[in-house]
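The residues making up each chain are set out below.
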Amino acid sequence: MFDIFKSMIKEEWRMHSSLFGHSGFALFPVFIFLFTFFVSLVLPVFREIVTDAQIALGMHYIFLLVGGMVGAFGLLGREFMNRRFGQASLIAYSSRVLPVSERFIFANFLGKDVVYYFILYILPFVAGFALAAKFVPAGNFGASATLLTLLLTLSISFMIGISAIFFLSTVYAHSGKILLLCLLAASLLLLHISGNFNQGTLYSLPSLSFFLVPSENQLLLSGVLILVPSALSLIFLKIDFPQAQKSFSNSFSKLCRYLGSYRYAAFVAKDSLDLKRSEGGLGKLIFSFVLPLLLVWTLLSALGKVIPALSTLTLFALVLGVLSSSMYNWLTEYDIFSSYAFLPLKASDMIKSKLNSYLILNLVPLVILTLLALKKDPMFLIPSLTLFLTISLYMVSVLVYLTGLSPSINLYNGKIFALYMLSVMPLLMLNIILSMFGPYYALMDLLLIPVALYILGKGFRKWDRNECRCF
Amino acid sequence: MIEVKGLSKFYRQTKAVDGVDLSIRKGELFGLLGPNGSGKTTMIKMLTGQIKPTSGTLKVHGINVLEDPLRVRELIGVIPEQETPPSFLTAEEYLYFVAKVRKMEHYEEACEKWFEFFDFGDQKTSLCKDLSRGTRQKLMFAQAFLHEPELAIIDEPLINLDPVMQRKVKDFLRGYVKNGGTVFISTHILEIAKEICTSIGIIYRGKLVYTGRLDDPELQDKNLEEFFLELVGKRKGISKDILEESQKGISALA
Ligand SMILES: Nc1ncnc2c1ncn2[C@@H]1O[C@H](COP(=O)(O)OP(=O)(O)O)[C@@H](O)[C@H]1O
Ligand SMILES: [Mg+2]
C-alpha cells in the first residue's frame, strides 16, 4: 500500500534532481529558509505600518496560491512531463498498466504533493522565521507554540489550495463549459466583494483565523474545505480530459496567412496552436492567470483600505508585470530545442520567436489594466501601464538570460533561482516604496528598458554560445 | 561535399569521436556503420553544426561548419536521431512549418507528394504527439527532403519503418543519388548499407576503422557482415571462436 506513495516521492525527487543536479536542487529549500530568515529580520522595521495579523494574512494567502499552483502544475502540466520523460512515465499516469485503481493512485498523488512540498517549501519557510526569532524579539511570532501553529495553518492553506484546484480540474475534465460558468460566477462574486469590502471577509480563511484565534470550529471548517473537494474529485475522477479530438483541420496555414509576411509568423502560429490544443487549452489561461489576478485585485483592494498609503492600481500593475512574465514559462513548456536544432535556426531565433508570442500574450493583461485604470482613476493610466510594461519586459529579460528556453526547469536550480530573486526582488521592493509617494514615480521604470534590452542581447549570445543542452 | 580532418569530440569520460578523417564526394551514398554508442550520432551532430567539436576541421558544401552552421543547415536536409516534431501540430502543419522556416515559396504540392509517398491518409490531420514512432519517422524523412537539398545527412532513418516502407525509402535514396544528390546515412544495420550504399565507413568507439567503396576488391570476396565483425571483433579483443560462434548465431537468425 505504502509502496506507491514512497515511489512517487522518490520519483518527484529524482525528477527534480536529475534535472538540476543534486546540489542545485537541494539548495532550493535552503534558499527559502535564508529568504524568510532575512525577511523576518527586517520585519520589526515595518511594525509601524503592518500588524502581525496582516503579515499572517499575507503568508496564508501566499501558501493558498502556492497550493493552487502546485496542484495546477501537477494536473495540467502533465503533457510537459510526458514530453520530457516519455509517455506515461510518471506513476500517476500509468494507472492503466498497474493493477491498482486510478482513484488510489490519485489519492497518493495528492498525498505526495502535500508531503513533498511541505518539506520543500513550508518547513524551511517556518524554520527561517524560527531562527530569526532568536535574534530579534519578533513579538507574536517568536513563541514556539505560535511557530508550530503556523506550520500547521500554512500547511492547511496549502492543502485548501491544492484541493480546490483538484476539484476545479475534475469539473473541467467533465465539462469545460460548467467550469467556465463556475469561474464566471466566482469572478462576479469576487468583484462584488472587492467593491464593498470589509476586512472580515478576508480574514475568514479558516486556516488564517485558526492561526489568529484557535478554535475547534475553524479547524473543522478547514478539514471540510480540504476533504470535501478532494473527496468529490476522487469520486468523480476522470483521467481523460475532454479534448479527445483526433483530427484537426489545417489552422496553421490559416493563421500564417492571417499574419502575412511577419517574420515570426510561423512560430507565433505554432505557439498559439500549442496553447489552444494542449491539455487544459485556453482554460489554462484562466486557471493560472485570470484567476490569480482576480484574487490579487481583491487582496490589494482590501489592503488599500487597511493601509491607505498604498496605491492599489500601481501595486496591481506591478503584480501584473510579475505574473505576466510567468507566461514565458508556458510558452516554452511545449518545446524542446532539440526539435529544432537540425533546422536552420539558432537558439536565439527560438527565444526571439517565443518573445514575440510573449508580447502578443501580454495584450491580455494590458487590456485588463487599461480597463481597470480607466474605471478607477484615469490619472493612473499612463504610470501604471508604464510600470506594467517595463516590469514585464525586465522580468522576462532576466528570465531569458538566466534560463534560456527552459525556465520552468532551470528556475528550480537553487543557484539560478537565487540569482533571479536577487535581480528582481530589490527592484520590486523599490517600486512598492516609490508607489507610496505618488503614481508618477513609476515613470522612472522607463530606465529599465535599455537595461532589459542589454540583458536580452547578452542572453541571446549566451544561449547561442552554449551547446544545446537538450532536455 | 564533406571534408573532415582530425575531427574529435570528447565528453568527460568518453571519446565519442576520435580523430576522424573523411572525405565524401558529390553523388555518393555514404553509409556510416557502427554498433550502438560508436559515435555516429555525435558525428552527425558535428557535421550539421549542432554541437562543436573538441578539435578538428569540417567543411560541408565547401562551407566551414564552425563558422556558418546556419548556412549549412539551410542548404542540407537533416534527419535527427530522435523523431520529436512539435507535439501540437498536425503532420501536415508540421511540414508547412518546416517549409516556412526554410522560407520556401510554394510548398503545398511538395508536401502533398510526400504524404502520398508515405501513404499518410487520415494521419495527415493527426497531431504529431498521437502518431506512432514509425509515422513520425516518415514525417521526419519528408521534412529533410522537402526542399530538395543537394546533400542529406540522415541518422538511422529506417529503424522504425516496416519492410514495405523500408523498401520504398531505399529505392528513393538510390534514385536521389542517381539524380545528382549526395546522402550521408548512419546505420547499425549492415543489410541496409550493403543494399544501397556506394561507399561506407566503419566507426568503432569513436575511431573510423575502415573507409572504402563497396566495389573494393577487399570486400568482394568477403561478406560485409564478416568483415564488420572482424574489424569490430579485433578491437574488442574477442577470441576467434566466440566470434565464429556468434557469427553462426547471426547466420542462423538470418
Ligand atoms: N552529451 C553527451 N555527454 C556524454 N556522453 C555522450 C553525450 N553524447 C554522446 N555521448 C557518448 O558518446 C558515445 C557515442 O554516442 P553516439 O554518437 O550517440 O553513438 P551512436 O549514435 O553511434 O549510437 C556514447 O558512448 C555516448 O554515451
Ligand atoms: Mg545514434
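As the structure is a prediction and not an experimental result, all values here were calculated from the model.

> Describe in detail the overall build of chain B, supporting the description with residues and values.
When helices and strands are counted, chain B shows ten helices and ten strands. Across the 254 residues of chain B, 54% fall into the buried class. A sequence separation of at least 24 residues applies to 67% of the contacts in chain B between residues at least 6 apart. In the form shown here, chain B has an accessible surface area of approximately 11800 Å², with 49% of it arising from carbon and sulfur atoms.

> Give me the packing of aromatic side chains: which residues, what numbers.
Centre distance and the angle of the planes are the two values used to describe a pair of aromatic rings. Residue and element names in this part refer to chain B. Applying the stated criterion to the full structure yields 30 aromatic pairs over all chains. Measuring from ring centre to ring centre gives 5.8 Å for phenylalanine 141 and phenylalanine 172, while their planes differ by 75°; the resulting arrangement is edge-to-face. One end of the pair, phenylalanine 141, is in helix H5 (residues 133-145); the other, phenylalanine 172, is in helix H6 (residues 163-178), and 31 residues separate them in sequence. Accessibility expressed as a relative area gives 1% for phenylalanine 141, which makes it buried. Taken together, the ring pairs connect Trp114, Phe117, Phe118, Phe141, Phe145, Phe172 and Tyr176 into an aromatic cluster. Lysine 15 extends its terminal NZ or CZ atom over the ring of phenylalanine 10, reaching a point 5.3 Å from the ring centre.

> Before we move on, could you go through the confidence of the model for chain A and cite the residues and values that matter?
Looking at chain A as a whole, its pLDDT mean stands at 80, while 82% of the residues score no less than 70. Considering only residues more than four positions removed or in separate chains, one finds that residues 79-88 of chain A, a stretch of pLDDT under 50, has 35 contacts.

> Talk me through the coordination of the magnesium ion (ligand 2); I want residue IDs and the actual numbers.
All names here are of chain B. Each protein donor to the magnesium ion (ligand 2) is listed here as Thr41 (OG1) and Glu81 (OE); together their distances run 2.0 to 2.1 Å. With threonine 41 in helix H1 (residues 40-47) and glutamate 81 in the loop between strand S6 (77-79) and helix H3 (91-101), this pair connects stretches of sequence that are 40 residues apart. You can call glutamate 81 partly exposed: its relative accessible area is 44%.

> How would you summarise the interface of chain A and chain B if you had to cite specific residues and measurements?
At the interface, 34 residues of chain A touch 32 residues of chain B. Applying the counting rule to chain A against chain B returns one salt bridge. Put simply, glutamate 93 of chain B and arginine 277 of chain A hold a salt bridge, and the shortest N to O gap is 2.7 Å. At the boundary of chain A with chain B, the tally comes to twelve residue pairs in polar contact (both at pLDDT 80 or more). For the side of chain A that touches chain B, the secondary-structure elements that each account for two or more residues are helix H4 (78-85), helix H11 (251-259), helix H12 (265-277) and helix H20 (448-465) of chain A. With six residues, the single largest contributor to the side of chain A that touches chain B is H12 of chain A. Grouping the amino acids of the side of chain A that touches chain B by side-chain chemistry returns 13 nonpolar, nine polar and twelve charged.

> How would you explain the side chain of aspartate 271 of chain A if you had to name every residue and give the values?
All names here are of chain A. In this fold, aspartate 271 is placed in helix H12. There is a polar contact of 2.8 Å between the side chain of aspartate 271 and the side chain of lysine 354. Engagement of the side chain of aspartate 271 in a polar contact is seen with the side chain of serine 357, the distance being 2.6 Å. Leave out the neighbours within four places in its chain, and aspartate 271 touches Leu331, Asp335, Ser353, Lys354 and Ser357.

> Explain a positive patch on the surface to me, using residue names and the numbers behind them.
Where like charges cluster on the molecular surface, the positive patch consists of Lys458, Arg461 and Arg465 of chain A together with Lys52 of chain B. Within the secondary structure layout, arginine 461 of chain A lies in helix H20.

> Run through the site of ligand 1, naming residues and quoting values.
Residue and element names in this part refer to chain B. Taken together, Tyr11, Thr14, Ala16, Pro35, Asn36, Gly37, Ser38, Gly39, Lys40, Thr41, Thr42 and Glu81 form the complete shell of residues around ligand 1. One of the backbone N or O atoms of lysine 40 is found 2.9 Å from an oxygen atom in ligand 1. With respect to ligand 1, the side chain of threonine 41 contributes an N or O atom lying 2.6 Å from an oxygen atom. Surface burial for ligand 1 is 62%, taken as the share of its 560 Å² of free accessible area covered by protein chains. With three residues, the single largest contributor to the shell around ligand 1 is H1. When grouped by side-chain class, the residues that make up the shell around ligand 1 number three nonpolar, seven polar and two charged.

> If you had to explain the environment of leucine 148 of chain A to someone new, which residues and values would you point to?
All names here are of chain A. Within the secondary structure, leucine 148 is located in helix H6 (residues 144-174). Accessibility expressed as a relative area gives 58% for leucine 148, which makes it exposed. Distance from leucine 148 to valine 126, taken between C-alpha atoms, is 8.6 Å for residues 22 residues apart in sequence.

> An account of the domain arrangement of chain B is needed here, citing residue identities and associated values.
Residues and elements named next belong to chain B. On domain assignment, one finds that chain B holds domain 1 (2-76 + 149-214) and domain 2 (84-148). Computed from C-alpha atoms alone, the centre-to-centre distance between domain 1 and domain 2 is 23 Å. Contact residues are listed per partner, giving 20 residues for domain 1 and 15 residues for domain 2. Both faces considered, domain 1 and domain 2 share a buried interface measuring about 1400 Å² in area, 66% of it formed by carbon and sulfur atoms. Put simply, domain 1 and domain 2 have zero salt bridges between them. Scanning the region where domain 1 abuts domain 2 turns up seven residue pairs in polar contact (both at pLDDT 80 or more). Where the side of domain 1 that touches domain 2 is concerned, the elements lending two or more residues are helix H2 (69-75), strand S7 (151-155) and H6.

Rules used throughout
- Residues numbered from 1 in each chain as written.
- Chains lettered and ligands numbered in written order.
- Predicted model: local features only at pLDDT ≥ 70, side-chain atom pairs only at ≥ 80, totals over all residues.
- Heavy atoms only, no water.
- Helix = DSSP H or I, 4+ residues; strand = E, 2+ residues; numbered from the N terminus.
- Buried < 20%, exposed > 50% of the residue type's maximum accessible area, 1.4 Å probe, protein only.
- Contact = heavy atoms within 4.5 Å.
- Areas by Shrake-Rupley, 256 points an atom, 1.4 Å probe, with all protein chains shown as cover.
- Phe/Tyr/Trp six-rings, centres within 6.5 Å; stacked < 30°, edge-to-face > 60°.
- Lys NZ or Arg CZ within 6 Å of the ring centre and 35° of its normal.
- pLDDT = per-residue confidence, 0-100.
- Donors = N, O, S within 2.8 Å, 3.2 Å for Na, K, Ca; no water.
- Salt bridge = Lys/Arg side-chain N within 4 Å of Asp/Glu carboxyl O.
- Polar contact = N/O pair within 3.5 Å; in protein donor to acceptor, adjacent residues only side chain to side chain.
- Nonpolar A, V, L, I, M, F, W, Y, C, P; charged D, E, K, R; others polar.
- Patch = residues over 30% accessible without salt bridge, like charges linked within 9 Å, V, L, I, M, F, W, Y side chains within 5 Å.
- Lys, Arg positive; Asp, Glu negative; His and termini not counted.
- Charge placed at Lys NZ, Arg CZ, Asp CG, Glu CD.
- Near = heavy atom within 4 Å.
- Domains from an automatic or database assignment.
- Buried area = accessible area lost by both parts, 1.4 Å probe.

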